[in-house]
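Chain by chain, the residues run as shown.
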Amino acid sequence: MSRFLVFALVLAGLVVTISPAQAQFDNLRDLVPDALHQTLFGTDAYQVVFEGELDPALRDVLRSVSESHALRERIPATDQMFQRRARADIPNLLRALRSEGYYDGHVEAHVDPQASPPRIVFHVQPGPAYLLEAVHFHGPDSENGFGFPPPGPTTAGLTLGSRARAPEIRGGTDMFREFLRENGHPFPWVALREARVDHESRTLTVTYTFNPGPSAKFGTVNVEGEERVSPRYILDKVPWSENQTFRSSQLHGLRATLMQTGLFTMVDVSHPGSIPEASRNNELPVTISVVERVPRTVKAGVGYETDTGLGTALEWEHRNILGSGEQLRTRLHLAEKRQMLEGEFKVPEFSDPSQSLTIQGNIGQETTDALEKKEIAAGAMINRRLDRFWSVGLGTNFRYSEVTQLGETETYGLISTPGELTWDMRDHVLNPTRGWRIQLRAEPFLDTLEWNTTFFKLSGSLSAYLPILAEDRLVLAGRGALGSITGEANMNLPPDQRFYAGGGGSVRGYAYQSIGPEVDGKVVGGKSMVEVGTELRLRLENNIGLVAFLDGGQVFSESELQFQDDFLWGAGLGLRYHLDFGPIRLDLAFPLNRRDKDSAFQVYVSIGQAY
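Residues numbered from 1 in each chain as written. Predicted model: local features only at pLDDT ≥ 70, side-chain atom pairs only at ≥ 80, totals over all residues. Heavy atoms only, no water.

## Examining the packing of helix α4 (residues 56–65) against helix α6 (residues 79–99)
Next, step 1: At their nearest, the axes of α4 and α6 sit 9 Å apart, and the two run at 140 degrees to each other. Between α4 and α6, the angle is such that the two are oblique. Here α4 and α6 pass one another in a crossing that is right-handed. Residues Leu 58, Val 61, Leu 62 and Val 65 of α4 pack against Asp 89, Asn 92, Leu 93, Ala 96 and Leu 97 of α6. (Axes fitted to C-alpha atoms, helices over the stretch in contact; angles between N-to-C directions. Helix = DSSP H or I, 4+ residues; strand = E, 2+ residues; numbered from the N terminus. Parallel < 35°, antiparallel > 145°, perpendicular 65-115°, else oblique. Left-handed = near helix turned anticlockwise from the far one by under 90°. Contact = heavy atoms within 4.5 Å.)

## Details of the environment of Val 507
Next, step 1: Position of Val 507 among the secondary structure elements: in the loop between β21 (474–486) and β22 (518–519).
Next, step 2: Here Val 507 falls in the buried class, since its relative accessible area comes to 0%.
Next, step 3: C-alpha of Val 507 to C-alpha of Ile 288: the two residues are 219 residues apart in sequence and 50 Å apart in space.
Next, step 4: Beyond its immediate stretch of four places on either side in the chain, Val 507 contacts Ala 501, Gly 502, Ile 515, Glu 531, Asp 551, Gly 552, Gly 553, Leu 568 and Gly 570. (Buried < 20%, exposed > 50% of the residue type's maximum accessible area, 1.4 Å probe, protein only.)

## Overview of the pairing of strand β2 (residues 106–112)
Next, step 1: Pairing geometry for β2 and strand β3 (residues 119–125), over 7 bridges, is antiparallel. Residue pairing for β3: Glu 108 is matched across the bridge by His 123.
Next, step 2: Between β2 and β3, which follow one another and run antiparallel, lie 6 residues. (Pairing = 2+ DSSP bridges.)

## Some thoughts on the confidence of the model for the protein chain
Next, step 1: Averaged over all residues, the pLDDT of the protein chain is 88; the fraction at 70 or higher stands at 91%.
Next, step 2: Across residues 1–29, confidence stays below pLDDT 50; counting only partners more than four residues off in sequence or on other chains, it has 49 contacts. (pLDDT = per-residue confidence, 0-100.)

## Digging into the sheet that holds strand β8 (residues 264–270)
Next, step 1: The sheet built from 3 strands is open, its strands ordered β7-β9-β8 with mixed pairing. Single-partner strands in this sheet number two, and they are β7 (217–224) and β8. Averaged over all pairs of adjacent strands, the angle between their axes in this sheet comes to 15 degrees, without regard to strand direction.
Next, step 2: Bridge count for β8 against strand β9 (residues 283–292) is 6 bridges, and the pairing is antiparallel. Paired with Val 267 across the two strands is Val 290, which belongs to β9.

Spelled out as structure tokens, the structure:
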């Protein structure tokens, strides 16, 4: 078990390296060979190069303001026009340097129209950075002061001693305005009065002027546009009480909360442009306007894998079956080797706004090269969201199954109490391009038909995504998974609860559940497993994507991972067609350690990325 924990920490450590690695790829475009450069970025009539001691962020700013760079697909008709285009860019680049806090910068342009391809080289000397020395706020005087903390540099999102960047200084007006709205003043006026540069000390002093306007409190709340959703359900999500001091963040938070329910296509939380004259205590009424989604959805999908055959899935969902966001979902999966009917009922805000209760069940059968199984199962889990990214879950399940393996049929009545911990930083579920997801699951089992059979199943997974090129056109994705079972000898465990590897969601190139310890030439599964994988995903024009991937893994008969055993590796290429909700996936995989029983290749067709 100790090896399992060590390896889990190693996988988690990969996440820490993602952010520093990003900086190494920021200028990759300039390093790409010409032939591949044209495929990725299109054909440029000439090149634009920025030379000098420039950090990646500053280089990107210069590119964004350079007309020479923006027009690089169209070369001027004459060398003189080519020269003029480059020289005309110098004022743009100097303004960009000043906006980034470099007021003593120098730029020279050199044009080589005879090069292949022609080139414009800008030699940039940014000079020393000017620093922010002071931030002042001028507003109406008051002997008693206002009902909010005195403003300071952090109020405008600024830090004294930092580089004096114009975008941050201009953005300070919005941040200061929001600060006033957050502190009870819904109608403030804020402006940047002065930004004074001292060239001798290379510093800058900023002055904002403001008028907070009248203070206000929350008044009555009205709901508009609801049809099937209960108005009380909406009002229960209002985070403030009447006569409470106005805070703009609570308006934004309410809108986000209502949108996250999935019941609405539009939510608007608004108030009048001034405090009503009839208000006795500066109360500001709030109106919640909603447009409801169609509550019912029918989905159908088709998938194919060489080893499991053609499969279809039909799904029916009702997102508001009782009027308070309760979700009922049923799914029928029919394939050559698997037939399953599943049902799920989810109650949001179960006992607490951050909790949900999910009740689920299934009945069906499955036939693989490793085993045959018939089962009926039911369970419930409470999930609690700790914050935006962290969540935990605890539940209980009962599974009655009849499993046949090696010609012997056994019946099990397993009760378990699974617990989960998830850290999800992905930007998309079906097509992530950045971030990561880590999940740990622990589940003790007891066989109610054979009380002496108890075991503990622990598993963990990590997936990480790193965009390499701009606009997420090239993404490096990786995954790892671990598992370990303790408490029983391998052959005393229910066969369907042992670990197996191989298949479209595991080690591609090998048949489903074809990797694991064997008895008499038949795979019987194991007590521990490890899987790794990496993909390079390239998105082209017209929603087409290409993928190159490498998967590896192994399953062991003991609880501890036995890294000295040989991994089985599979590699291949994939094609993606990107739709609004996610990509359609076609993968062709080859086993690199092909055994006598392995096919020469495997084909996988489904919706969504492999991970």
